[in-house]
Amino acid sequence: MSERLATVDNDFLMQENFSLKQQLKTKEQLLQQKSEELQSYLYTVAHELKTPIISMRGYTMLLQEFYLANLDGEIRNYLERIVTNLDQMDDLIINLIDYTRIDVNADECEQVNTIDLLHEALEELEFLMHQKDYEIKISPDLPTVFSKRNLMLRVFTNLLNNAIKYSKDSEHPVIEVGYAPGEIFHKLYVKDNGVGIAHSDLDKIFQIFGRLKNKKNTKGCGLGLVITKRIIEKHGGEIWVESSRGKGSTFFFTLPRRT
């Protein structure tokens, strides 16, 4: 009798576990569907906004071209500010469209030397770095990672660009790129001695339009770290930051090993 009850209980538990797994799978599929719908909607909105922006820029430039000589300094300034804001809107839209298109297929990935990527990223940021004497420290044991090369280049470019933007005016800026090996995941980091982030704001920086206000009035669309997070997660990794106000920031990210 006890053996029969044990068998019944075991069968019941197996059915319950199967049911829970099915429910979880269904919820995951619904979340995936909603996410894809949101990405599609975001892409459509961003794409549709490009046409009026192009039109506004065109008319503004015509005003500057034909009437600039007859406009006083204040009106000229207004027109320049309109063009600047249109450029920022255009940059935001381009980044939104890029965000919706980020995807990683294993067939598109390859073994990528991260030191080579870093040097390429630094070349892209050369102009910004010439504005101040930045000290760059690169760990010699950075790994080769299985990834989509152009997207991984963007990760390093975004993280380095973020460190440059938020450096302190009063302190010699130092940016360090390092590596902490693990058995299952590669763990890399980009560390700076910049203005840092308040603890209460750490959860905002990876959200869309979550760029924090700062005393340096740093320009940007607020999507650099959001795009970086999406790229890392599409590769099967994670990204997080450790920071405090005035004491710099360290951005860690992981990527699965491939043997």
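About the thresholds
Residues numbered from 1 in each chain as written. Predicted model: local features only at pLDDT ≥ 70, side-chain atom pairs only at ≥ 80, totals over all residues. Heavy atoms only, no water. Core = buried A, V, L, I, M, F, W, Y, C linked by side-chain atoms within 4.5 Å. Buried < 20%, exposed > 50% of the residue type's maximum accessible area, 1.4 Å probe, protein only. Helix = DSSP H or I, 4+ residues; strand = E, 2+ residues; numbered from the N terminus. Phe/Tyr/Trp six-rings, centres within 6.5 Å; stacked < 30°, edge-to-face > 60°. Lys NZ or Arg CZ within 6 Å of the ring centre and 35° of its normal. Axes fitted to C-alpha atoms, helices over the stretch in contact; angles between N-to-C directions. Parallel < 35°, antiparallel > 145°, perpendicular 65-115°, else oblique. Contact = heavy atoms within 4.5 Å. Nonpolar A, V, L, I, M, F, W, Y, C, P; charged D, E, K, R; others polar. Pairing = 2+ DSSP bridges.

Side note on the nonpolar core
Judged by nonpolar contacts, the single largest core of 44 residues is most densely connected at Phe156, Leu159, Leu160, Phe251 and Phe253. Secondary structure elements with two or more residues in this core: α2 (73-101), α3 (114-124), α5 (149-165), β4 (174-179), β5 (185-192), α6 (224-234), β6 (239-243) and β7 (249-256). With nine residues, the top contributor of residues to this core is α5.

Brief notes about the packing of aromatic side chains
Following the criterion strictly, the structure yields four aromatic pairs and no others. Their ring planes at 75° and their centres at 5.8 Å tell us that Phe156 and Phe253 sit as a pair that is edge-to-face. With Phe156 in helix α5 and Phe253 in strand β7, this residue pair connects regions lying 97 residues apart in the sequence. You'll find Phe156 and Phe253 in the same group, each marked buried. Ring pairs connect the aromatic residues Tyr189, Trp240 and Phe252, which therefore count as one cluster. Seen from the ring of Phe252, Lys187 lies directly overhead, with NZ or CZ sitting 5.0 Å from the centre. Over the aromatic face of Phe146 sits the side chain of Arg258, whose NZ or CZ is 4.0 Å from the ring centroid.

Quick word on the packing of α2 against α6
Put simply, α2 and α6 touch, their axes get as near as 10 Å, and they point 10° apart. Accordingly, the angle class assigned to the pair α2 and α6 is roughly parallel. Residues Asn95, Tyr99 and Thr100 of α2 pack against Val226, Ile227 and Arg230 of α6. Tallied by class, the residues present in the contact of α2 with α6 amount to three nonpolar, two polar and one charged.

Concerning the pairing of β5
Note: β4 against β5, five bridges, orientation antiparallel. Considered in β5, the bridge of Gly178 is made with Tyr189.

Let's talk about the environment of Arg149
Mapped onto the elements, Arg149 comes out in helix α5. Separated by 32 residues in the primary sequence, Arg149 and Leu117 place their C-alpha atoms 8.3 Å from one another. Leaving out residues up to four positions away in the same chain, Arg149 has contacts with Glu110, Val112, Leu117 and Glu120.

Looking at the environment of Val190
With respect to the element layout, Val190 can be found in strand β5. Residue Val190 is classed as buried on the basis of its relative accessible area, which comes to 2%. Separated by 14 residues in the primary sequence, Val190 and Glu176 have C-alpha atoms spaced 5.7 Å apart. If near-sequence neighbours (up to four positions away) are discounted, Val190 is found in contact with Leu159, Leu160, Ile175, Glu176, Val177, Ser249, Thr250 and Phe251.

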